[in-house]
Amino acid sequence: MTGATGRIGANVGRRLIQNGHSLLGFTVPGDSQASKLAEIGADVVEGRLESLDDIRSAMSGVDAVLHLGAAFQAGGPFTPRQYMQINVQGTFNVFEAARERAGAIKHIVFSSTDATLDKYPPDGNPEVLNERSLTQTQTDWYGFTKIVGERLADRYVRADGLPITVFRFPWVWGAGEFLDFPHFRLSFFLNSFRGNSHPSARKTLATLESLDAGDDPLVIALDANGRTWKKHTLDVRDIVQAFERVLGVQQAFGGVYQLGGPEPFTWREAVPVVAEALDRRVVEARMAGMPPTFYEFDLSAARRDFGFEPQFHWRSTLAEALRFVRSGRGDIVPTEVSGCGSID
């Protein structure tokens, strides 16, 4: 497993070990989180994704590869060159080393992201989205390099018959994070609209500033027509289930699968619940001048091909966040993110 010390990797790794698998975690040299892998019973090998020799050495003797390692927005900052070296060259190295051991590698799962998709049209997405609904024309380096990674996977499947499955993760919640989501807060929107000179954005900024009493209230965000924002996310515990269920399933070889929770949430549903938990004031505002967050994913391909059935509704994720914050414990391993971990 690359990216093994990230919060996704650590949780997936722990479950695989509990299920009787042996796990080799591939970590960057000096990773301060590597000790957590030993605590869950994993072996550790140091190396860099940019080195084909390091990948070849680590892959010797393994029969499945979970490629979660990546440079991503929350783990940086990274330069464009680093994005290309880690995410593109690194993914090429993983697939090329697997090709050299063709027949011995039974399955490769590559973690991609919905950040490859153009999810923010001016009026939101009227239809539920499947894996083919939207174009992939991102220009930010993270999304772009993940698009290249998906194309590399397709090439190695078609040309060399590698058993690769691509997972696209949406926004992933870990322990306690639902309560800290910045897009619920007035301060996020104030910062987003400042510097935007479009007339509708300036009008929205004036409205938001009138709601600001210095207490950073939570915001029920609406689009320009008054429709509440909507977002489809995923509890990290359901990612664990997805990896459990997909390993070795031939039907999933060559497939690209969007993952997500049981259903999306809307700001009108979620913000009052979070505000009550945090004892915060709630305001409401139309975000004219900003593309709305409004999308939901169709998970039927993952359900059909490997039985993915997410269990953790956003309300249960929020309940777990409350338990974690109040007690300092939770069902999730609260691992820090390393430079080779992937949140997506």
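This structure is a prediction, so every number in the text was calculated from the model and none was measured.

**Q** When you look at the confidence of the model for the protein chain in this model, what are you seeing that I'm missing?
**A** Close reading of the predicted structure is inappropriate where its pLDDT is low. Summary statistics for the protein chain give a mean pLDDT of 92 and a share of 95% for residues scoring 70 or more. The low-confidence segment residues 330-344, where pLDDT is below 50, has 63 contacts with residues more than four positions distant or belonging to other chains.

**Q** Which parts of the structure should I look at to understand empty space enclosed by the protein?
**A** To locate leftover empty space, one rolls a probe as large as a water molecule over the atoms. In the structure shown here, the tally under the stated rule is two cavities of 30 Å³ or more. What the largest cavity holds in volume is close to 50 Å³. Forming the walls of the largest cavity are Trp173, Thr233, Leu234, Asp235, Gly261, Pro262, Glu263, Phe312, His313, Trp314 and Thr317. Going through the elements one at a time, β9 (233-235) and α11 (314-327) are the ones with two or more residues in the lining of the largest cavity. Sort the elements by how many residues they give to the lining of the largest cavity and β9 lands first, with three residues.

**Q** Teacher, can you tell me more about the pattern of salt bridges here?
**A** Opposite charge on two side chains makes pairing possible when the charged atoms of those side chains draw close. Across all of its chains, the model carries 20 salt bridges by this definition. Of the charged contacts, one joins arginine 194 and glutamate 209 as a salt bridge, the two residues approaching to 4.0 Å between their closest N and O atoms. Of the two residues, arginine 194 is situated in the loop between α6 (186-193) and α7 (199-210) and glutamate 209 in helix α7; the sequence distance between them amounts to 15 residues. Arginine 194 sits in the partly exposed class, given a relative accessible area of 42%. Of the charged contacts, one joins arginine 268 and glutamate 284 as a salt bridge, the two residues approaching to 3.1 Å between their closest N and O atoms. With arginine 268 in helix α9 (residues 267-278) and glutamate 284 in strand β12 (residues 282-286), the pair connects residues that are 16 residues apart, well separated along the chain. Bridged by salt links that share partners, the residues Asp235, Arg237, Glu320 and Arg323 form one connected network.

**Q** Just checking my understanding: could you explain the pairing of strand β3 (residues 64-67) for this structure?
**A** Looking down a regular strand, the side chains alternate between one sheet face and the other. Relative to strand β4 (residues 107-113), β3 runs parallel, the two being bridged by four bridges. Directly across from leucine 66, in β4, lies its bridge partner valine 109. The parallel pair β3 and β4 is bridged by helix α4 (residues 80-100), and the resulting crossover is right-handed.

**Q** Explain α9 to me, please; I cannot follow it from the model alone.
**A** Turn by turn, an α-helix covers 3.6 residues, leaving residues three or four places apart pointing in a common direction. Counted at 1.5 Å a residue, the expected span for α9 with its twelve residues is 16 Å, and the 16 Å between its end C-alpha atoms agrees. Considered for burial, the residues of α9 that qualify are Trp267, Ala270, Val271, Val274 and Ala275. On an axial view of α9, the arc spanned by its buried residues comes to 130°, and they lie on one face. The inward-facing, buried residues of α9 abut β7 (218-222), β8 (230-231), β11 (265-266), β12 and α11.

**Q** Would you take a moment to explain the packing of aromatic side chains for this structure?
**A** Think of a pair of aromatic rings as described by two things: how far the centres are apart, and how the planes are tilted against each other in angle. What the rule picks out here adds up to 30 aromatic pairs. Measuring from centroid to centroid gives 4.8 Å for phenylalanine 181 and phenylalanine 184, while their planes differ by 85°, and the two rings are edge-to-face. Here phenylalanine 181 and phenylalanine 184 have matching classes, each one buried. Ring pairs connect the aromatic residues Trp171, Trp173, Phe178, Phe181, Phe184, Phe188, Phe189, Trp229, Phe265, Trp267 and Trp314, which therefore count as one cluster. Directly above the aromatic system of tyrosine 156 lies the positively charged group of arginine 155, at a separation of 4.9 Å from the ring centroid. Lying across the ring of phenylalanine 294, arginine 227 places its NZ or CZ 3.7 Å from the centre.

**Q** What exactly am I supposed to notice about the nonpolar core here?
**A** Within soluble globular proteins, side chains that are nonpolar tend to cluster in buried spots. Residues Val12, Phe167, Phe243, Leu259 and Phe306 are the most contacted members of the largest nonpolar core, which totals 34 residues. Looking at this core, the element that brings in the most residues is helix α8 (residues 236-246), giving six residues. When sequence neighbours within four positions are dropped, the list of residues in contact with phenylalanine 167 reads Val109, Phe110, Ser111, Ser112, Thr113, Ala242, Phe243, Val246, Tyr257, Leu259 and Phe306. Residues Ala221, Val271, Ala285 and Met287 belong to the second largest nonpolar core, which totals 31 residues.

**Q** Help me understand the packing of helix α3 (residues 52-59) against α4, please; the structure alone is not making it clear to me.
**A** Think of two packed helices as two axes; the pair is described by the angle between the axes and how far apart they sit. Axis separation between α3 and α4 bottoms out at 9 Å; the angle between their running directions is 50°. Here α4 runs oblique to α3, going by the angle between their axes. The two elements α3 and α4 meet at a crossing, and its hand is right-handed. Contacts between α3 and α4 involve Leu52, Ile55, Arg56 and Met59 from the former and Asn93, Val94, Glu96, Ala97, Ala98 and Glu100 from the latter.

**Q** Please clarify how unusual backbone geometry should be interpreted in this entry.
**A** Glycine aside, negative phi is the norm for most residues, and most peptide bonds take the trans geometry. Here the phi dihedral of aspartate 216 falls at roughly 50°; this positive angle occurs in a residue that is not glycine. Residue placement: aspartate 216 occurs in the loop between α7 and β7. Residue classification places aspartate 216 among the partly exposed residues on the basis of a relative accessible area of 22%. Although it is not a glycine, aspartate 279 sits at a positive phi angle of roughly 55°. Relative to the helices and strands, aspartate 279 resides in the loop between α9 and β12. Taking the relative accessible area as the measure of exposure, aspartate 279 reaches 71% and is therefore exposed.

**Q** Quick question: what am I supposed to make of the environment of leucine 190 here?
**A** Relative to the helices and strands, leucine 190 resides in helix α6. Residue classification places leucine 190 among the buried residues on the basis of a relative accessible area of 5%. In this structure, the C-alpha to C-alpha distance between leucine 190 and proline 264, residues 74 residues apart in sequence, is 25 Å. Residues within four places of leucine 190 in sequence aside, it is in contact with Leu205, Leu208, Glu209 and Asp212.

Parameters at a glance
- Residues numbered from 1 in each chain as written.
- Predicted model: local features only at pLDDT ≥ 70, side-chain atom pairs only at ≥ 80, totals over all residues.
- Heavy atoms only, no water.
- pLDDT = per-residue confidence, 0-100.
- Contact = heavy atoms within 4.5 Å.
- 1 Å grid on protein atoms, 1.4 Å probe; cavity = no way out; pocket = protein on both sides within 12 Å on 5 of 7 lines; lining within 4 Å.
- Points joined across faces, edges and corners; volume = space filled by probe spheres on them.
- Helix = DSSP H or I, 4+ residues; strand = E, 2+ residues; numbered from the N terminus.
- Salt bridge = Lys/Arg side-chain N within 4 Å of Asp/Glu carboxyl O.
- Buried < 20%, exposed > 50% of the residue type's maximum accessible area, 1.4 Å probe, protein only.
- Pairing = 2+ DSSP bridges.
- Right-handed = clockwise from strand over helix to strand, strands pointing away.
- Expected span 1.5 Å × (residues − 1).
- Arc of directions from axis to C-beta.
- Phe/Tyr/Trp six-rings, centres within 6.5 Å; stacked < 30°, edge-to-face > 60°.
- Lys NZ or Arg CZ within 6 Å of the ring centre and 35° of its normal.
- Core = buried A, V, L, I, M, F, W, Y, C linked by side-chain atoms within 4.5 Å.
- Axes fitted to C-alpha atoms, helices over the stretch in contact; angles between N-to-C directions.
- Parallel < 35°, antiparallel > 145°, perpendicular 65-115°, else oblique.
- Left-handed = near helix turned anticlockwise from the far one by under 90°.

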